Structures are given as structure tokens and as C-alpha cells.
Amino acid sequence: MRILLYNPDNGVTRNFMPHLWMFLLQSLTPPGHEVLLIDGNAKPMDEAQIAQYVRDEKIDLVGIGAMTRMIAKAYRIADAIRATGVKVVMGGPHVTELADEALGRDGGPRHADAVALGEADETWPRIVNDAERGELKEVYVPADENGKERKPSLKPYPVIPWDSIDLTQFNLVPKSVFSLLKKVGEGWGTFRIIPVESGRGCPYGCEFCTVTGFFGDSIRFRSNESVVNELLLLKARARKEKGQMAVFFIDDNFAINVKRTKSLLRDIIAAGAQVHWVAQISANLLRDEELIDLIAASGGKWVFIGMESIDPTNLKDVNKGFNKPGEYAEVLERLAKRNVYAITSFIFGMDNDTVGVAERTLSQVRTWPPGLPIFGLLTPLPATPLYKRLEVAGRLTRPKHWKEFIPFAMAHTPLKMTIEEAHAEVKYGWAQAYSPEALAHAVDSLDDQPLGYRINIFLARLCFRGIYFPMMGKFAWLKVVTENRHTIFKLVKEGFFGRKLRPRRPNSEVAYDEPAAKESQVSA
């Protein structure tokens, strides 16, 4: 059979990396089948285009995975494909919780011929074999002989052939800026961010999060050797293509077992498998100085931290009291001393939030090392404790908000502000954190660092700005470039002519001791 694995976009902004599930299922597909991959974030398609693609490529089976924010688009795509006569299997967190919705058992239209509930590592080969025989079942559940749900072990872990997979659609270097990047440093013909997992599961059970419900509260890990070999494969491909490759460890909490994480990072260093990487790590786990040293030495460049709020009451309300706002500054300084920076995530619209929460949060952010603050609204996802609590309290304003996805729009009424006020807080947060003045300040705050670090923070800020302010067309980018022309000119001038030596920042491990024109690599 010819199989298509499709990941839908949310119609708002491109993701910065492909989704791992497609590559994983491709590797788990039984021999004798050809698997094609399309990520809508990298290769946008509407319903008519995907239907034509399925016909042209003579596709026999389509697998679609989607999170809640993408499910409306996923359903539309699935409907278009099924109209061509091709079978569709759907899976992922949303379908796992609302299988009847996907199968049309809730009174609505049917979108899928079959659903894969939970993790599909074990069920996918069965699905493919059943489809080949024309015996596709409606529901596939990973279960043991007693019918109890079974979580797949990550030992052994399937080998994803990163050395041969076609990654053309995931190159983040626009052709229009290729020649400019060549002047910054060799090897910038391609730049990709590749998803890698080292473990699954999270024991914390935050009220608003779907992770514990989907992956479970017990952590499963791959072997260190398996992860190291995958990084070596990626590193070798980047070298062969004379391109750049970064890794996003998609573990829901990369350092949930600090001892194990240290062991993995030591093995990465010992094998020379360092690549620039990003990972999600809770603030409470970043108190360990040795862990931070190993993060930096193994190639860690950015850490995603779900801070959520600077208000301890809010954090306690959503079962995230292990976050201590009083520690945030110290954690970020500890990272910055090793030239590791943070993507700090905040949620507005929590029960103790009042008007002005964005400015109160930003007043704290401005005192921290430069990073990438992002702002969102508290969202009740199906089957989470938050959804159930708000449903019982009668506070849901759009009980099935996913059927008409609206970015940055609340689906329930906050306690201490209106919905409109919560929306205004998010807009204010983004506008202030990503204004030309804020971008210039972030660059200037790294004035004692090499040019690469300063270009890194500037480009990252520009890209993250697009999460809230769409920058999908040339004119949108031209406007952004114009607004930030002074900072751009400063960086370009420094790149060509160098600059005078700056004093090293106290406790920084990287001293600036060469003309910036010799800088050959930008941090990923």
C-alpha cells in the first residue's frame, strides 16, 4: 500500500519543527509499504489540494494525528480524503479523549473510518495489516491480554533513518536570504529543527495539561545509547549537507529524573554527539548547578520553562505549586551564566488574575536575562481536570471551542476580569515584549557576548513574534524589518567591521576576544 501520514496546521502560524509521530510511525510500518509524509505547517494544503494529492499519488490509507487546536482542520482534511474513497485513521490526544466525535457517534458527522487511541507504537502495525486485508476495525487500543491499557516501552526504540528521510519541506532557511547567511558563516544552506524524544510521561498532573492523561504519570525512558546514536546520525547528516541541525527534545519534562538526565548528557558529551538543542524543563529542576553545567556542555542553548504565572495563588489553583516565582530570576541567571537562555511561558486568565497582570508580569521579565517570553490564555482542553471543573461550575462559554478554533480566545469566563479584558492582557504582553524597543534592549543586554549570540536572540525574537502577530507574507516581513532597521543595521555593521572589545560579563564562561567579523557560527 501507499500510505500518507498527515499532520494538519492550525491555520495561524507555522510551527518551527516537524512532528515526531509521523517519523516514528513511518519507522514502525511493516515492510512492503511506501509511506509519504506531509506536515501542513511546512507544506500548507487546503481540502481540494489534499484530495487531489491523494488521487495523484494513488494513496491507499491516510493516518492523521492532531492536537485539539488543530482538530477542526484535521476533520476537514479527513472529510475531503474520505470523499475520494480512501480510508482515514485518526489519532492523537484529542481523538483519544473524544473518539465518538471522530467516529460520528455523538450525533455529529463521521470524520474517520478508524481511530487509534493512546500511543500508537503497538497498534499502528496492526492497523496497517488490517487495512491491507480490507478488515479495518473502528477502534484500536493498546491493551494487554486482560484488556488493560498498556503503555509501550521505549526499550528497544525504533531506529528513525534520519540519514535518508526527505526533509526538504522542513528547511527553515528561505531561499531569499541564503546568500546573506553564507556571509555570516559557512554551512547555512539548510537549517532544520528536528524532534527527538528521550522519554515519555509526567507525574505532575497540572490541571490544564493533557500530558499526564495521555502518556501517564510513570516515566519511560529510551536507553542513553539509543538517544546518542540518533544525535550522531543527525550530526553526520548536517555535516554531509553542509547545513545546520538543531534538536528539540520533546519530552514533556526532559529533566524529570535529574540523575538519569545527567547520565544521558554525560554520554552525549563523551560520544561527541553534541548538537544545539532545546528542551522543556520545569523551573524547580533547574536548581542543580551540575545539571546546568552539563546542559551547556552537551549543546543546550534554549530551555522552555512553563512558568505560567508570577502569582503563587494561581499556581496552586492549577496544581502547579511546585513552581516558585521567587526562584525564577535565580534560575534564569544560572542558565544565562552558561549562555543558555529561556523560553518563558505565561498563562493569563487564571482565577486570581486581574487587569494589569500583563504589565506586572513584564515588570518581572524585564529584570531577567534576555529570553523569549510567550503569552497565552488558560484553555480548558477536553478531559482535563480544568475542563471538568469549569463545566461543573457552569463557566464554559464555548464548550466545544475546538470545532471553531480561534487563536488567543477564551472558552470560559475568568473570575476576576472579563473575557475581553483577558484578551487585552495577552495582546499587551505580546506587543510590549516584541516591540522594536524590546528587541533592541534584548540585543544590547548581550553586548559583552559574541555577535552570534546577539544575532541569535534577535532572530529568535523575530520568529517568536510571529506566534501572535502573523508574518506570513513579504509585506508583513518588510514592515517588521523596517521597524527594527536600527538594530539590524547595528548587527550588520558589526558583522562586517567588527567592534571594540567589551568587558566580559561577570561569571560568563564565554569571553569576547576576537573581532566579530570572524564569528563563524550563530547559535541555533
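Just above sits the structure.
First things first, this report covers the structure right here in the doc. Please read these numbers as outputs of a predicted model, since none were measured by experiment.

**Concerning the overall build of the protein**
The secondary structure content of the protein amounts to 20 helices and 14 strands. For 524 residues, the compact-globule estimate of 2.2 N^0.38 gives 24 Å, and the protein sits close to it at 23 Å. Judged by the C-alpha coordinates and their principal axes, the protein covers about 70 × 55 × 50 Å. Across the 524 residues of the protein, 53% fall into the buried class. Taking contacts inside the protein between residues at least 6 apart in sequence as the whole, the part at least 24 apart equals 72%. Element-wise, carbon and sulfur atoms account for 56% of the exposed surface of the protein, whose accessible area totals about 23000 Å². Treating the 67 positive side-chain charges of the protein as one cloud and the 64 negative ones as another, the clouds have centres 4 Å apart.

**Structural notes on the pattern of salt bridges**
Across all of its chains, the model carries 40 salt bridges by this definition. The partner of Asp9 in a salt bridge is Lys73, and the shortest N-O contact between them spans 2.7 Å. Taken together, the residues Asp9 in the loop between strand 1 (2-7) and helix 1 (20-28) and Lys73 in helix 3 (residues 71-82) connect sequence positions 64 residues apart. For Lys73, a relative accessible area of 13% gives the class buried. A salt bridge links Arg110 to Glu138, with the nearest nitrogen and oxygen atoms 2.9 Å apart. A residue pair is termed long-range when its members are at least 10 positions apart, and Arg110 in the loop between helix 5 (99-103) and strand 5 (114-116) and Glu138 in the loop between helix 6 (123-133) and strand 6 (139-140) qualify at 28 residues. For Arg110, a relative accessible area of 31% translates into the label partly exposed.

**Concerning unusual backbone geometry**
Look at the link from Lys155 to Pro156: it is a cis peptide, with omega at 0°. Of note in this structure, Asn339 is not a glycine but carries a positive phi near 60°. Among the secondary structure elements, Asn339 is positioned in the loop between helix 13 (328-336) and strand 13 (341-348). Overall, the relative accessible area of 2% leaves Asn339 in the buried class. A positive phi is found at Ala383, a non-glycine position, where the angle reads about 75°. Take Ala383: it is sitting in the loop between strand 14 (372-377) and helix 15 (385-392). Look at Ala383 and you get partly exposed, because its relative accessible area is 35%.

**Quick look at the nonpolar core**
Core analysis: the largest hydrophobic core is formed by 106 residues, its most contacted members being Trp162, Phe249, Ile281, Leu286, Ile295, Ile305 and Leu335. With seven residues, helix 18 (residues 451-465) is the single largest residue contributor to this core. For Ile295, the contacting residues outside a window of four places in its chain are Leu265, Trp277, Ile281, Leu286, Gly300 and Val340. Among the nonpolar cores identified, the runner-up in size contains 42 residues, and Ile38, Ile64, Met90 and Leu103 belong to it.

**What about the packing of helix 9 (residues 224-241) against helix 10 (residues 258-270)?**
Two numbers describe how helix 9 lies on helix 10: the axes approach to 10 Å, and their chain directions differ by 40°. Judged by the angle between their axes, helix 9 and helix 10 are oblique. When the axes of helix 9 and helix 10 are compared, the crossing they make is right-handed. On helix 10, the residues that touch Asn224, Val227, Val228 and Leu231 of helix 9 are Arg260, Ser263, Leu264, Asp267 and Ile268. Partitioned by chemical class, the residues of the contact of helix 9 with helix 10 number five nonpolar, two polar and two charged.

**Let's talk about the sheet that holds strand 2 (residues 34-39)**
Here six strands make up an open sheet; going across it, the order is 2-1-3-4-5-6 and the pairing parallel. Two strands lie at the open edges of the sheet, namely strand 2 and strand 6, each paired on one side alone. In the sheet, strand 1 pairs with strand 2 via six bridges, with the strands oriented parallel. Across the sheet, Ile3 pairs through a bridge with Val35, a residue of strand 2. Most of the contacts of helix 3 go to strand 4 (residues 87-91), to which it runs at about 165°, and overall it touches strand 1, strand 3 (61-65) and strand 4.

**Examining the sheet that holds strand 12 (residues 300-308)**
The parallel open sheet is built from six strands, whose spatial order is 7-10-11-12-13-14. Because the sheet does not close on itself, it has two edges, and the strands there are strand 7 (191-196) and strand 14. Neighbour-to-neighbour, the strand axes of the sheet open up by a mean angle of 20°, direction not taken into account. Looking at chain direction, strand 10 (residues 244-249) and strand 11 (residues 276-280) are connected through four bridges and run parallel. Bridge pairing in strand 11 links Phe249 to Ala279.

**Regarding the pairing of strand 1**
The element strand 1 is largely enclosed, with a buried count of five among its six residues. As judged from the four bridges shared by strand 1 and strand 3, these two strands associate in the parallel manner. Directly across from Ile3, in strand 3, lies its bridge partner Leu61.

**Description of the packing of helix 10 against helix 11 (residues 289-297)**
One can describe the packing of helix 10 onto helix 11 by two numbers: an axis separation of 9 Å at closest approach and a directional angle of 30°. Two packed elements cross with a definite hand, and for helix 10 against helix 11 that hand is left-handed. Across the interface between the two elements, Val258, Thr261, Lys262, Leu265, Arg266 and Ile269 from helix 10 touch Glu290, Leu291, Leu294, Ile295 and Ala297 from helix 11. Among the residues making up the contact of helix 10 with helix 11, the classes are represented as seven nonpolar, one polar and three charged.

**Observations concerning the layout of surface pockets**
Within this model, the second largest pocket holds a volume of roughly 470 Å³. Val365, Arg366, Trp368, Pro369 and Pro370 are the residues nearest the centre of the second largest pocket, which is lined by 29 residues in total. Among the elements of the structure, helix 13, strand 13, helix 14 (357-365), strand 14, helix 16 (419-433) and helix 17 (436-444) are those that each provide at least two residues to the lining of the second largest pocket. Examining the composition of the lining of the second largest pocket, we find that four residues originate from one element, helix 13, more than from any other. The residue makeup of the lining of the second largest pocket, split by class, is 18 nonpolar, six polar and five charged.

**What to know about the environment of Cys209**
Mapping Cys209 onto the fold places it in the loop between strand 8 (199-200) and helix 8 (211-215). Taking the C-alpha atoms as reference points, Cys209 and Gln169, separated by 40 residues in sequence, lie 30 Å from one another.

How each quantity is defined
- Residues numbered from 1 in each chain as written.
- Predicted model: local features only at pLDDT ≥ 70, side-chain atom pairs only at ≥ 80, totals over all residues.
- Heavy atoms only, no water.
- Helix = DSSP H or I, 4+ residues; strand = E, 2+ residues; numbered from the N terminus.
- Rg over C-alpha atoms; globule rule 2.2 N^0.38 Å.
- Buried < 20%, exposed > 50% of the residue type's maximum accessible area, 1.4 Å probe, protein only.
- Contact = heavy atoms within 4.5 Å.
- Areas by Shrake-Rupley, 256 points an atom, 1.4 Å probe, with all protein chains shown as cover.
- Lys, Arg positive; Asp, Glu negative; His and termini not counted.
- Charge placed at Lys NZ, Arg CZ, Asp CG, Glu CD.
- Salt bridge = Lys/Arg side-chain N within 4 Å of Asp/Glu carboxyl O.
- Core = buried A, V, L, I, M, F, W, Y, C linked by side-chain atoms within 4.5 Å.
- Axes fitted to C-alpha atoms, helices over the stretch in contact; angles between N-to-C directions.
- Parallel < 35°, antiparallel > 145°, perpendicular 65-115°, else oblique.
- Left-handed = near helix turned anticlockwise from the far one by under 90°.
- Nonpolar A, V, L, I, M, F, W, Y, C, P; charged D, E, K, R; others polar.
- Pairing = 2+ DSSP bridges.
- 1 Å grid on protein atoms, 1.4 Å probe; cavity = no way out; pocket = protein on both sides within 12 Å on 5 of 7 lines; lining within 4 Å.
- Points joined across faces, edges and corners; volume = space filled by probe spheres on them.

Keep in mind these numbers describe shape, not what the thing actually does.
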